[in-house]
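Residue-level structural notes
Letter by letter, the chains look like this.
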Amino acid sequence: WGKPSFLNLRDGVTVTYLKNKLYVGSNSLSLALITNLKPWSRTTLSYRWSVNEYENNGTDPDRRSRDGFVSYPSLTNHFYFNSKKNLYLIAGYDFERQDTSGSNYIRNAHGAQLGFHFPFLAKIEGEVDFRFRDLNYNQYAATPPKRRDDIFTLTVLIRRPLTSYLDLEGSYVFEDSR
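Calculation notes
- Residues numbered from 1 in each chain as written.
- Predicted model: local features only at pLDDT ≥ 70, side-chain atom pairs only at ≥ 80, totals over all residues.
- Heavy atoms only, no water.
- Pairing = 2+ DSSP bridges.
- Helix = DSSP H or I, 4+ residues; strand = E, 2+ residues; numbered from the N terminus.
- Axes fitted to C-alpha atoms, helices over the stretch in contact; angles between N-to-C directions.
- Salt bridge = Lys/Arg side-chain N within 4 Å of Asp/Glu carboxyl O.
- Buried < 20%, exposed > 50% of the residue type's maximum accessible area, 1.4 Å probe, protein only.

This paragraph deals with the sheet that holds strand β8 (residues 147-161). Taking strand neighbours across the sheet as the criterion, the nine strands line up as β1-β2-β3-β4-β5-β6-β7-β8-β9 in an open arrangement whose pairing is antiparallel. Two strands in the sheet have a free side with no partner beyond their single neighbour: β1 (5-18) and β9 (167-177). Put simply, the sheet's adjacent strands are angled 15° from each other on average, direction ignored. Relative to strand β4 (residues 68-80), strand β3 (residues 41-54) runs antiparallel, the two sharing twelve bridges. Bridge pairing in β4 places S46 opposite S74.

Let us look at the pattern of salt bridges. Under the counting rule described, the total for this entry stands at ten salt bridges. A salt bridge links R63 to D60; the nearest nitrogen and oxygen atoms lie 3.5 Å apart. Classification of D60 by relative accessible area gives partly exposed; the value is 28%. Across the pair D167 and R159 runs a salt bridge whose closest N-O atoms are separated by 4.0 Å.

Treat this as a map of the structure, not an account of what it does.
Shown next as structure tokens:
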């Protein structure tokens, strides 16, 4: 192979509360291969698998339960424009398959990402990131019989390293869904 590469394996647990009540618990396992195919690029191929358990499955669990498994492969590239590697373009694609107990929430989702990372002031760096996701619920049992959501997300952030392991970050996220 001869290229600088590394493998990242990560486990995560997320617990979400809504109005002070447990909403969902998730456990995920992710694997990523990160490599520099060229000196001016970094490529990340990853796969995340998770299981979600919602506290409330609704009045009709066969249709409305969101409990289930999520498979999430993705490919992201960083294209560097300088030797410090703090000025770069980000482009990526991801696919998500959600298999739930309730038929209403079984879905396929395609996503794309385009971002730009840049030096801002002194040690402060900025990033502008645009993401689009197309979610297709093939078995949605309502009128109309299929559900399709388009989600547009714009994130603007600034980051300053405090130590070699700790950053201070501020961000603004705008999301629109149709």
